[in-house]
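So you can see what is in the structure, the chains are spelled out below.
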Amino acid sequence: QLTACVCFDALMTHLVCCVSAEEERRVRANDREYNEKFQYAVYFSFLILQSNCIMTSKYNIITFLPVNLFEQFQEVANTYFLFLLILQLIPQISSLSWFTTIVPLALVLSITAVKDATDDYFRHKSDNQVNNLITSDNLPWMNVRVGDIIKLENNQFVAADLLLLSSTEPHGLCYIETAELDGETNMKVRQSVSVTSELGDPNNLASFDGEVVCEPPNNKLDRFSGTLYWREKKYSLTNQNMLLRGCVLRNTEACYGLVIFAGPDTKLMQNSGRTKFKRTSIDRLMNTLVLWIFGFLVCMGMILAVGNAGWEKEVGSLFQSYLAWDTPVNNFLFSAFLSFWSYVIILNTVVPISLYVSVEVIRLGHSYFINWDQQMFCSQCNTAAEARTTTLNEELGQVEYIFSDKTGTLTQNIMTFNKCSINGQSYGKDTHTTCACSRDCMYMLDFTPFNPLADPDFCFYDDKLLESVKVGDSCTHEFFRLLSLCHTVMSEEKSEGELVYKAQSPDEGALVTAARNFGFVFRSRTPGTITTTEMGRTVTYSLLAILDFNNIRKRMSVIVRNPEGRIRLYCKGADTVLLERLHPCNQEYATDGLRTLALAYRDLSEDEWEAWSESHRFADKATDCREDRLAAAYEEIEQNMMLLGATAIEDKLQEGVPETIAVLSLANIKIWVLTGDKQETAVNIGYSCKMLTDDMTEVFIISGHTVQSVRQELRSVWLCAHCTRLYTAHALEADMEAEFVSTACACKAVICCRVTPLQKAQVVELIKKHKKAVTLAIGDGANDISMIKSAHIGVGISGQEGIQAVLASDYSFSQFRFLQRLLLVHGRWSYLRMCRFLCYFFYKNFAFTMVHFWFGFFCGFSAQTVYDQYFITLFNIVYTSLPVLAMGIFDQDVPDHRSLEYPKLYEPGQLNLLFNKREFFICIAQGIYTSVVLFFVPYAVLSNATQSNGVPLADYQTFAVTTATALVIVVSVQIVLDTGFWTVFNHVFVWGSLGSYFIIMFALHSQTLFRIFPNQFHFVGSSLLSFLSHMCTSKTNTVIFLSRCHSANTDLFSSIIYILNFFVMKIYFVSLKTKHK
């Protein structure tokens, strides 16, 4: 089957309207008749109703041809050439056969259609495989409908977005892996609503008739809000009760779920939307130049039309008696009108349709070079570089600003517990100290004798902390107790004492591992309990509440009851958030500045817990503004806490980061770091990666918290001139845009700290708006997506934070150090190749087309072409297409290692020196000059030449072939001069194309074709004389040629010498230019 499902346009339009108008979703379990009246995600495949069918393809067998042609003719160039084809079908206008346009147009449309069909075929194949997967109930995925209850078994993919009803695990728990959604391979726990957790029996599930009222389909993976109505009661539903399509059931024998969202309504499919289309600066310039060329074409057509009117009025009227106008033409003005359109057809090759196809082929080749680059392959993670788009390659050679995330991009995002502060006492040593004696004194603690459950890979270098734990210091014990309880880590015990932690973030895993090694081992959890081993003793805590972490709260808390019955809230979070919620007695200690993550606790009485629990239960069951109500409840309890201490986790730099930043800086690329970390961390990273150096005369830190204070600090920066500055942004205000940009761009290094994902995108947009420079954003996490999409070029790092950044990016690889090769080698080469390609392409087509313009003054402005129609058809698609493609794909000026050794070679792209309006006009002037030589020299030589018997030597066809042969030779010599790096492909394409011209031309002028098609091939053997007139450079050929043209020998020989001199001078000037470079 080519297609798994066919979607009818009318039905889809109706469904889209339904979805867009959907304000809430109502789903009744085991009641298809009720659910189908809402038409949730309904498809009709082969007249069979399907609810869970996905269709990522664009076409089917019936719609492919009309839809694909409609899409292709939305391109202005394709529509333009279709218009020319229609004009050529009018005999009174066209002097060319229709196939001179339809052959190139059909070729271009066919190539694009084949590419689109191939891509869509693989989409159909993928859709077909997914839609025909079988559930545990032997039901194909495509036939699953909203409201069905389906069974999942261990290691199975979730077929749709399900409400978890029950599980074989206690308390309705199940474990899932969400790598397909967010790239995280760690397990996550989900739990059913308590009232449905006992519905494990299929008979009970078959009689379940609960109704769910929830939010409409959306793309928020971490949020779900709904209510279950059953047996006259209602139960609130959250994301913890949902199993999303794309997840995999792990470590759970089986579970049952109610289908809430199916097919395109699932959150996975809602997140597969298209990113906005990005265009390069060369694309935008080329569009402008094409419009100018169209205007130039119209001007040439008008000049020749005016000439036709004058010629018909003054000269053509003398021939009316025996050479009358055609039937529709009754005066010279109408003749000029038709002549204008005729010349529009003839001169249209100044912008050939093959230009756009050639550009796409070259970009595709450049993308494959990036994908195949073994020097950008990471063997550790088995990840190669990937060009996820083919439209931005040359833009990589013009980047001026790089905006980089810190964690996971510059650093490894592999956290290690290095230091901590407990009750005012600091523990831990700096492993990066430069003092040799200090390094010699450091040794890694051995936890095995103290704790048999310790992780052998954990490293710590201060024995004072271990001694504090051994002597039973209460603050130290409480510190690690908090770390062992306040988290969302999942524990898996593969064998006795062999624990494997699966954390949602690396820093959380590092903290729980630290607590494990110091004697407070997290063992397992259930929905209501957390079991730990504290100093060798097993302790089970009742888990009363979890106050979730999010980017707004920047903290998480748990409320537990210990075996003695004491209720305590444990909280950990960002210091700036947590310190303001401490008890007044802790404020003095807090202002001393404990960095990174702060830890605190609060004891709760039974009355306080009961009162807060009731308000929390009310907020949790609210159907409106539930998130706000929960946030208010969390804020109420997280007050008056006692500070325990703080942790310091190290995130090491990736390999080669300082060297990469140094090389990119030498290439005049400005690097800004945008991070959510605090100022101190940002500055330390700046020095570590050599963005900041000791020789910088001044470091300016802007840290105002009001608009006025930030403005004053910005202006004070300019009071000190000739200094290197660091700018750390804490706020962005609309009325300070100009001051922010001018100050930041004057700095050598810029680090913006405490920025949100939205502010990252705002910084990028400011530079795009005010500096008009090409920007590149690089990141590895979901919080970098907005920045990646805002920049001209987005690069995703496939690291520890999942693959969401990669999915939103234009290019991806696994290490930041590969960025220098992407820009300085592939980007620079792509820009160089594209610029040389465009310069040559415009040159050769103006040289080819302008000959028609000059000929118009000698043919009575009759729109007669110089070349025959076969040459016009084949020039751009056979004779000159492959050599310029080879140059555009393989050319290079210096090897890759030289590009890295001399970063200054990158600057021409930033300054846009290789292809701009000036270079375009130079190419046009060169093309026009070449056309003048190509037309007037043969015309001067052959116009009055006669044979010994008085018969004219040349006729129209001889002149046409002579000019065409000279054109092919000239443009071939030109590309030989322009090519800087020769490969086998260059040689084969250049000399093969030149040889193909002679073979085809001899064949078209052969007697055989004349006998078979006398109406199409009028001339026999005229090409031989024309070829000899250009190929007789040897003495023998010259004598043979001169013997056939006695009276013309002097003029013809001198013209040959003139053309040869023309080439010699051209080679001389090119060599001088190369030597100068």
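No experiment lies behind these values; they were computed from the predicted model shown.

Draft legend 1. A look at the overall build of the chain. Helix and strand counts for the chain come out as 38 helices and 32 strands. Across the 1077 residues that make up the chain, the buried fraction comes to 52%. Counting only contacts in the chain whose residues sit at least 6 apart along the sequence, the fraction spanning at least 24 positions is 71%. Roughly 48,500 Å² of accessible area belongs to the chain as shown, and the carbon and sulfur atoms make up 57% of that amount.

Draft legend 2. Looking closely at the UniProt feature "active site" (unreviewed entry) in the chain. As recorded in UniProt, the sites labelled "active site" (unreviewed entry) are Asp405. The class of Asp405 is buried, set by a relative accessible area of 4%. If sequence neighbours within four positions are ignored, Asp405 has contacts with Leu410, Leu674, Lys760, Ile778, Gly779, Asp780, Asp784 and Met787. In this structure the side chain of Asp405 is engaged in a polar contact, spanning 3.2 Å, whose partner is the side chain of Lys760.

Draft legend 3. Structural view of the environment of Ile924. Its location among the elements puts Ile924 in helix α32 (residues 917-942). Relative accessible area serves as the criterion here: at 9%, Ile924 is assigned to the buried category. As for Ile924 and Phe842, which are separated by 82 residues in sequence, their C-alpha atoms are 6.7 Å apart. Once residues within four sequence positions are removed from consideration, Ile924 is found in contact with Phe842 and Phe846.

Draft legend 4. Spatial organisation of the sheet that holds strand β26 (residues 642-653). In spatial order, the strands read β17-β16-β26-β25-β24-β23-β22-β21-β20; together these 9 strands make up an open sheet with antiparallel pairing. The two strands at the open ends of the sheet, each matched to only one other strand, are β17 (425-427) and β20 (520-525). Averaged over all adjacent pairs, the angle separating strand axes in this sheet is 30 degrees, with direction ignored. In this structure, strand β23 (residues 555-561) lies alongside strand β24 (residues 567-574), joined through 7 bridges in antiparallel fashion. Among the inter-strand pairings, Ile559 is bridged to a residue of β24, identified as Leu569.

Draft legend 5. Molecular detail of the nonpolar core. Membership of the largest hydrophobic core comes to 96 residues, with the highest contact counts inside it found for Phe837, Leu838, Phe842, Tyr867, Phe871, Leu967 and Tyr997. For this core, the element with the highest residue contribution is helix α27 (residues 818-856), accounting for 18 residues.

Draft legend 6. Molecular detail of the confidence of the model for the chain. Model confidence for the chain is summarised by a mean pLDDT of 79, while 81% of its residues fall at 70 or above. Note that residues 587-595 has pLDDT below 50 and, in this model, 19 contacts with residues that lie over four places away or in other chains.

Draft legend 7. How the structure looks around the UniProt feature "binding site: Mg(2+)" (unreviewed entry) in the chain. The UniProt feature table records "binding site: Mg(2+)" (unreviewed entry) at Asp405, Thr407, Asp780 and Asp784. Spanning 380 residues, the named residues form one tight spatial group whose C-alpha atoms are at most 10.6 Å apart. Structurally, the position occupied by Thr407 is in the loop between β15 (399-404) and β16 (411-422). You can call Thr407 buried: its relative accessible area is 18%. The buried category is assigned to Asp784, whose relative accessible area is 0%. Beyond its immediate sequence surroundings of up to four residues, Asp784 is in contact with Asp405, Lys760 and Gly779.

Draft legend 8. Geometry of a nonpolar patch on the surface. A cluster of nonpolar residues, Ile303, Phe857, Phe858, Val932, Phe936 and Tyr939, forms a patch on the protein surface that exposes about 490 Å² of accessible area. Residue contributions to the nonpolar patch peak at 3 residues, all from α32. Overall, Phe857 belongs to the partly exposed group, its relative accessible area being 41%.

Draft legend 9. Seen up close, the packing of α27 against α32. Two elements in contact, α27 and α32, have axes whose closest approach is 7 Å; the angle formed by their N-to-C orientations is 40 degrees. The pairing of α27 with α32 is recorded here as oblique in orientation. In this structure, α27 meets α32 at a crossing whose hand is right-handed. Across the interface between the two elements, Cys839, Phe842, Tyr843, Phe846, Ala847, Met850, Val851, Trp854 and Phe855 of α27 pack against Phe920, Cys923, Ile924, Gln926, Gly927, Ile928, Thr930, Ser931, Val932, Leu934, Phe935 and Phe936 of α32. For the contact of α27 with α32, a count of residues per class yields 17 nonpolar, 4 polar and no charged.

Draft legend 10. Here's a closer look at the packing of helix α9 (residues 281-314) against α27. Axis separation between α9 and α27 bottoms out at 12 Å; the angle between their running directions is 5 degrees. Viewed along their axes, α9 and α27 adopt a mutual orientation that is roughly parallel. In this structure, α9 uses Ile282, Met286, Ile293, Phe296, Met300, Ile303 and Leu304 to contact α27, whose residues at the interface are Tyr831, Met834, Cys835, Leu838, Phe842, Phe846, Met850, Phe853 and Gly856. Residue composition of the contact of α9 with α27, by class: 15 nonpolar, 1 polar and no charged.

Draft legend 11. Region of interest: the packing of aromatic side chains. For the structure on display, the rule yields 58 aromatic pairs. For the pair Phe417 and Phe460, a centre-to-centre distance of 5.8 Å together with 35 degrees between the ring planes defines the contact as tilted. Taken together, the residues span a long stretch of sequence, with Phe417 in strand β16 and Phe460 in the loop between α12 (436-441) and α13 (463-470) at a distance of 43 residues. Ring plane angle 5 degrees and centroid distance 5.0 Å describe the contact between Phe890 and Phe985, whose orientation is recorded as stacked. Here Phe890 is found in helix α29 (residues 881-890), whereas its partner Phe985 is found in helix α34 (residues 984-1004), with 95 residues between them in sequence.

Draft legend 12. Representation of the environment of Lys621. Counting through the fold element by element, Lys621 comes out in the loop between α18 (606-620) and α19 (626-637). Residue Lys621 is classed as partly exposed on the basis of its relative accessible area of 42%. Sequence separation between Lys621 and Thr238 is 383 residues; the distance between their C-alpha atoms is 9.9 Å.

Draft legend 13. Representation of α18 within the structure. Relative to the 21 Å expected for 15 residues at 1.5 Å per residue, α18 spans 20 Å between its end C-alpha atoms, a close match to the ideal helical length. Looking at α18, one finds that the buried residues are Trp609, Trp612, Ser613, His616 and Ala619. Along α18, the residues classed as buried sweep out an arc of 125 degrees about the axis, all on the same side. Set apart from the buried face of α18 by more than 90 degrees, the exposed residues are Asp607, Ala611 and Phe618. At its buried positions, α18 is contacted by β22 (537-547), β23, β24 and α19.

Draft legend 14. Inspection of the side chain of Glu508 at higher detail. You can see Glu508 is positioned in helix α15 (residues 506-517). In this structure the side chain of Glu508 is engaged in a polar contact, spanning 3.1 Å, whose partner is the side chain of Thr488. Those residues in contact with Glu508 that lie beyond four places of it in its chain are His487, Thr488, Val489, Ala503, Met556 and Lys572.

Draft legend 15. Seen up close, the side chain of Gln820. Locating Gln820 in the fold gives a position in helix α27. A relative accessible area of 17% means that Gln820 is categorised as buried. Once you skip the residues sitting within four places of it in the chain, Gln820 turns out to touch Thr660, Val663, Leu664, Val825 and Leu900.

What counts and what doesn't
- Residues numbered from 1 in each chain as written.
- Predicted model: local features only at pLDDT ≥ 70, side-chain atom pairs only at ≥ 80, totals over all residues.
- Heavy atoms only, no water.
- Helix = DSSP H or I, 4+ residues; strand = E, 2+ residues; numbered from the N terminus.
- Buried < 20%, exposed > 50% of the residue type's maximum accessible area, 1.4 Å probe, protein only.
- Contact = heavy atoms within 4.5 Å.
- Areas by Shrake-Rupley, 256 points an atom, 1.4 Å probe, with all protein chains shown as cover.
- UniProt positions renumbered as here; feature names shortened; annotations may be inferred.
- Polar contact = N/O pair within 3.5 Å; in protein donor to acceptor, adjacent residues only side chain to side chain.
- Pairing = 2+ DSSP bridges.
- Axes fitted to C-alpha atoms, helices over the stretch in contact; angles between N-to-C directions.
- Core = buried A, V, L, I, M, F, W, Y, C linked by side-chain atoms within 4.5 Å.
- pLDDT = per-residue confidence, 0-100.
- Patch = residues over 30% accessible without salt bridge, like charges linked within 9 Å, V, L, I, M, F, W, Y side chains within 5 Å.
- Salt bridge = Lys/Arg side-chain N within 4 Å of Asp/Glu carboxyl O.
- Parallel < 35°, antiparallel > 145°, perpendicular 65-115°, else oblique.
- Left-handed = near helix turned anticlockwise from the far one by under 90°.
- Nonpolar A, V, L, I, M, F, W, Y, C, P; charged D, E, K, R; others polar.
- Phe/Tyr/Trp six-rings, centres within 6.5 Å; stacked < 30°, edge-to-face > 60°.
- Expected span 1.5 Å × (residues − 1).
- Arc of directions from axis to C-beta.

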